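The chain contents come next:
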Amino acid sequence: MAVIGVSGHSLRIDRIECGGHGVCAELLPELIELDEWGYPILRDTHVTAELLGHARRAVAACPVLAMRLDRVVRQKSGRT
Amino acid sequence: MTGIVQLAASGPSPLWYATRAGGTVALLLLTATVALGIAVGGRYEPRRGARFEIGALHRNLSVLTLVFLALHIVTAIADTFVNLGWLVAVVPFAASYRTFWLGLGTVAFDLMLAVAATSAVRLRLGQRRWKAVHWLGYAAWPVALFHAAGTGTDTRLSVQLALYAGCVAVVVAAVWWRLYRAGPGRLAARLWAGVAAAVVPVVLAMFLNWGPTQSGWAQRADGTGSASATSAASTFDNGRSVA
Amino acid sequence: MTSSPTTPASHVLEQPTGPYGTRLLQGWFTTGGAADLDEHLNRYGPPPLSRATGRGSVAPVIRAVEDAGLTGRGGAAFPTGRKLRTVAEGRGPAVVIANGMESEPASHKDETLLDLAPHLVLDGAALAAVAVGAEAVHLCLPRTRHHQIRALGEAVEHRRQRRLDPVPVHVHGLPHYYVSSEETSLVRWLNGGDARPSATPPRPFEKGVDRRPTLVDNVETLAHLALIARYGPAWFRGAGRPDAPGTTLVTLSGAVRTPGVYEVPMGLPLGEMLGTAGGSSQPLGAVLLGGFFGSWLPTDQVMSVPFTKNDLAALGAGPGAGVLVVLPRSACGLAETARVLAYLAANSARQCGPCRFGLPAVAEDFAALARGQADADLSHRLERRVGLLAGRGACRHPDGASRLAATALRAFADDVRHHLLSGPCAAAGGEPVLPVPDASVPQDHEWR
């Protein structure tokens, strides 16, 4: 399939800043769950358009601002 | 609150009562905001659920504090009985009326404004700078408390004194709770927090005993102000503080 | 020591390749001692700095390193030429860090190289500095190796007197914990902080020491660079394989007759590599490839596998820093792994969740398994916890520990069953094979 430029957002966690507060998992359970010590497990770094609003809210709500939402233009083949 | 209602019925200007009520409610809200911030700040064990709600409560309480502060300040300035310019709202110790004690209120307001403004742009500011400013919240609370005790027309009411005592108790309890959960490490910081939490109530009690609860505080309150305090202001004041 | 014969090609030196196909260790094989500056200059001449200046375009030495196909010898095997080019293209003056930290306890190759051929490393650092437009070189060594810090300080001083180095070279002694050799740890320490990893991006090549583009290369990589600058990419490719050219230093230990540091061509089958260390001294159980961050592999699977990144990747392993530890059949792989995991847990920077909680928990589970004191849930719990370590730290520490634990559970699957069902094996309490240092947790101030 043709390779097309797909713009989107990707989620990144600063693991040193992260204190395991767990707010992100409350606000974005679609992408984030917590391990047994309360630290986030990122299921997928790619944020779909439907989840973008939730992701933004999760980023803003992090008590230590350990999450970033980066704009990416990625080369993605037709099949996902 | 019955005392305030009675006072409202006998007082000369509704604005003045709005100022006092607004200030008192703002102090209660500020206390709730600060105590919540202290109690849930830090992170010591995995916590499930309600993290976001507590954060939202902290933020909403702080916004509500600012709303009542706005009422407190606007009504105080709008009330023509005491001549206060708009500058007094943001420039500390610029008032002719009870310069020092009112100035404390302005200082607390400025600190809260700084905390609120930086919180609004927290994402752009970055965590470190935001947090450095956010620490000012800890300073705003005792300053506001002393402003209330020193300027507050109602300080001599036992209901008002009970409210102050309640505010102090809540914040001290929050500090203790935080220290209890903190565990080892950062000994110096924990010691300072403990000492500060103990000093504020003691100093406040001594101050209340020495000043506002004694007769003649109205004149002394003006006297402790800076040179900009004018005698004209004190004459206004005499009529006020007997209430 | 054996190695495939290499083509002697030289325009500067009679024999750029020494006995047994050695290059970096040629001097030692010729003289039997460490090379001082005079001997180094007699053998190699001064570093060809003119080939490192690009005058506006890419320096010839960078193109030579790219053509040579040199990859980093510190563990990640990243193409060195690409890294050089990226730093050279960065904005403003750059910085070069020569990484001689070697925090891997089972590796001794950097220490050996710095002892025997310090001026090859310093030549490489000088050439790299000119090639990327750096104003300073920082040589980072473990604080605990006093003799080496002193020796390298003297070597730098001798070069200064002869005006060999175009930029100042600073020798530093850093805290020596497992994660201190990570490139962001070096940058953070040189910037006045702890020798603990930082979050990336930005990576050092973008923003490193004093926020400048910073080239961090392993000392062995720089020594190869010094030879490539002199003898060219074709000579370098005379050893090894087209997809994995050159020679590499390896540390062979465990159940081999003559453990030590050897220089072997890339792509040498692991069985032959063990042959260079005199072959096995006992019946073999498994090999640990890549050190404490490495993979346990059953011996019978690996003897014919060539030592290249691609061939090892097919087994879920990697060359790492060239560490190969052979475990005799008489030893308990689970007990060995438990000790290594305890060390890795203690030596983490304790900055991220997985290293503060996950790794210590995995180490405890593994210790219980090795002692034969596993509870009913241990097997599942361990599998889940090991699976959750990788990719969730600022650096690769949890990933490495996870790989070690996961490959141990696979390679010693029979032992795991035995330990779970009928308690520890007889070997579990025996003499340890792997050289695991003390697993005490560093205090906060000790990271400075």
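Visitor: Tell me about the overall build of chain B, and please be specific about residues and values.
Guide: Along its length, chain B carries 11 helices and 0 strands. Moving toward the C terminus, one meets the helices and strands of chain B in the order α-α-α-α-α-α-α-α-α-α-α. The 243 residues of chain B split such that 42% are buried. For chain B, long-range pairs separated by at least 24 residues make up 66% of all intrachain contacts whose partners lie at least 6 apart in sequence.

Visitor: Tell me what's going on with unusual backbone geometry, and back it up with residues and numbers.
Guide: Residue proline 201 of chain C is reached from threonine 200 of chain C by a cis peptide bond, and omega for that bond is -5°. Topologically, proline 201 of chain C is positioned in the loop between α8 (183-190) and β4 (214-218). The phi dihedral of leucine 65 of chain A is positive, around 50°, even though this residue is not glycine. When you line up the elements, leucine 65 of chain A lands in the loop between α2 (52-61) and β5 (67-77). Unusually for a residue other than glycine, alanine 77 of chain C sits at a positive phi of about 55°. By secondary structure assignment, the location of alanine 77 of chain C is in the loop between α3 (60-68) and α4 (80-89). With a relative accessible area of 9%, alanine 77 of chain C lands in the buried category.

Visitor: I'd like a rundown of the interface of chain B and chain A, residues and numbers included.
Guide: On the side of chain A, 20 residues touch chain B, which itself brings 16 residues to the contact. In total, chain B and chain A occlude about 1,400 Å² of area from one another, counting both sides; carbon and sulfur atoms represent 51% of this. On the surface where chain B and chain A come into contact, there are 1 salt bridge. Inspection of the region where chain B meets chain A yields 7 residue pairs in polar contact (both at pLDDT 80 or more). Only α3 (51-78), α5 (122-125) and α6 (127-134) of chain B provide two or more residues apiece to the side of chain B that touches chain A. Here the residues of the side of chain B that touches chain A sort into 5 nonpolar, 4 polar and 7 charged.

Visitor: Before we move on, can you summarise the sheet that holds strand β10 (residues 295-298) of chain C with the specific residues and values?
Guide: All names here are of chain C. Across the sheet, which stays open at both edges, the 5 strands sit in the order β8-β7-β11-β9-β10 with mixed pairing between neighbours. What marks the edges here is a single partner per strand, and that holds for β8 (260-265) and β10. Along the sheet, successive strands turn relative to each other by an average axial angle of 30°, direction set aside. Where strand β7 (residues 247-254) and β8 come together, 6 bridges link them in antiparallel fashion. Looking across to β8, one finds that leucine 252 is bridged to glycine 260.

Visitor: Any chance you could break down the domain arrangement of chain C for me, citing the residues and the numbers?
Guide: Residues and elements named next belong to chain C. Domain boundaries assigned for chain C yield domain 1 (19-241) and domain 2 (333-432). Here the C-alpha centroids of domain 1 and domain 2 sit 35 Å apart. Contacts between the two partners involve 12 residues from domain 1 and, on the opposite side, 9 residues from domain 2. Summing the contributions of domain 1 and of domain 2, the shared interface buries around 800 Å²; its carbon and sulfur component is 59%. Taken together, the connections running from domain 1 to domain 2 amount to 0 salt bridges. In this assembly, domain 1 and domain 2 are joined by 4 residue pairs in polar contact (both at pLDDT 80 or more). A class-by-class count of the residues in the side of domain 1 that touches domain 2 yields 6 nonpolar, 3 polar and 3 charged.

Visitor: I'd like a rundown of the nonpolar core, residues and numbers included.
Guide: Val61, Leu84, Leu120 and Leu225 of chain C are the most contacted members of the largest nonpolar core, which totals 53 residues. Listed by contribution, the elements that provide at least two residues to this core are α3, α4, β1 (94-99), α5 (109-116), α6 (118-132), β2 (134-142), α7 (146-161) and α9 (219-236) of chain C. Among the elements that take part in this core, α9 of chain C stands out by supplying 11 residues, more than any other. With sequence-adjacent residues up to four places away left out, leucine 225 of chain C is seen in contact with Val61, Val65, Leu70, Leu84, Gly124, Leu127 and Ala128 of chain C. The next biggest cluster of nonpolar side chains, apart from the first, holds 46 residues, and it includes Leu27, Ala149, Ala197 and Ala221 of chain B.

Visitor: Tell me what's going on with the packing of helix α2 (residues 14-40) of chain B against α3 of chain B, and back it up with residues and numbers.
Guide: All names here are of chain B. Where α2 contacts α3, the two axes come as close as 8 Å, and the packing angle between them is 155°. Classified by the interaxial angle, the pair formed by α2 and α3 is roughly antiparallel. In this structure, α2 meets α3 at a crossing whose hand is left-handed.

Visitor: Provide a residue-level description of the pattern of salt bridges, including the pertinent values.
Guide: Residue and element names in this part refer to chain C. Throughout the structure, instances matching the rule amount to 33 salt bridges over all chains. Here aspartate 194 makes a salt bridge to arginine 448, at a shortest N to O gap of 2.9 Å. Highlighted residues: aspartate 194 in the loop between α8 and β4 and arginine 448 in the segment after α17 (413-422), separated in sequence by 254 residues. Its relative accessible area of 11% is what places aspartate 194 among the buried residues.

Visitor: Describe the pairing of strand β9 (residues 284-289) of chain C, naming the residues involved and giving the relevant values.
Guide: All names here are of chain C. With 5 of 6 residues buried, β9 is to be regarded as a mostly interior element. In the sheet, β9 pairs with strand β11 (residues 323-328) via 5 bridges, with the strands oriented antiparallel. Each bridged residue has a counterpart across the sheet, and for leucine 288 the counterpart in β11 is valine 325. Bridge analysis of β9 against β10 gives 4 bridges, and the strand direction is antiparallel.

Visitor: So, empty space enclosed by the protein: which residues are in play, and what are the values?
Guide: Residues and elements named next belong to chain B. With the rule as written, the count across this model stands at 6 cavities of 30 Å³ or more. By volume, the largest cavity is sized at about 570 Å³. Lining the largest cavity are 33 residues; nearest its centre among them are Thr19, Gly23, His72, His147 and Thr151. Of all the secondary-structure elements, those providing two or more residues to the lining of the largest cavity are α2, α3, α4 (99-120), α7 (136-151) and α8 (158-182). With 8 residues, α2 is the largest single contributor of residues to the lining of the largest cavity.

About the cut-offs
- Residues numbered from 1 in each chain as written.
- Chains lettered and ligands numbered in written order.
- Predicted model: local features only at pLDDT ≥ 70, side-chain atom pairs only at ≥ 80, totals over all residues.
- Heavy atoms only, no water.
- Helix = DSSP H or I, 4+ residues; strand = E, 2+ residues; numbered from the N terminus.
- Buried < 20%, exposed > 50% of the residue type's maximum accessible area, 1.4 Å probe, protein only.
- Contact = heavy atoms within 4.5 Å.
- Buried area = accessible area lost by both parts, 1.4 Å probe.
- Salt bridge = Lys/Arg side-chain N within 4 Å of Asp/Glu carboxyl O.
- Polar contact = N/O pair within 3.5 Å; in protein donor to acceptor, adjacent residues only side chain to side chain.
- Nonpolar A, V, L, I, M, F, W, Y, C, P; charged D, E, K, R; others polar.
- Pairing = 2+ DSSP bridges.
- Axes fitted to C-alpha atoms, helices over the stretch in contact; angles between N-to-C directions.
- Domains from an automatic or database assignment.
- Core = buried A, V, L, I, M, F, W, Y, C linked by side-chain atoms within 4.5 Å.
- Parallel < 35°, antiparallel > 145°, perpendicular 65-115°, else oblique.
- Left-handed = near helix turned anticlockwise from the far one by under 90°.
- 1 Å grid on protein atoms, 1.4 Å probe; cavity = no way out; pocket = protein on both sides within 12 Å on 5 of 7 lines; lining within 4 Å.
- Points joined across faces, edges and corners; volume = space filled by probe spheres on them.

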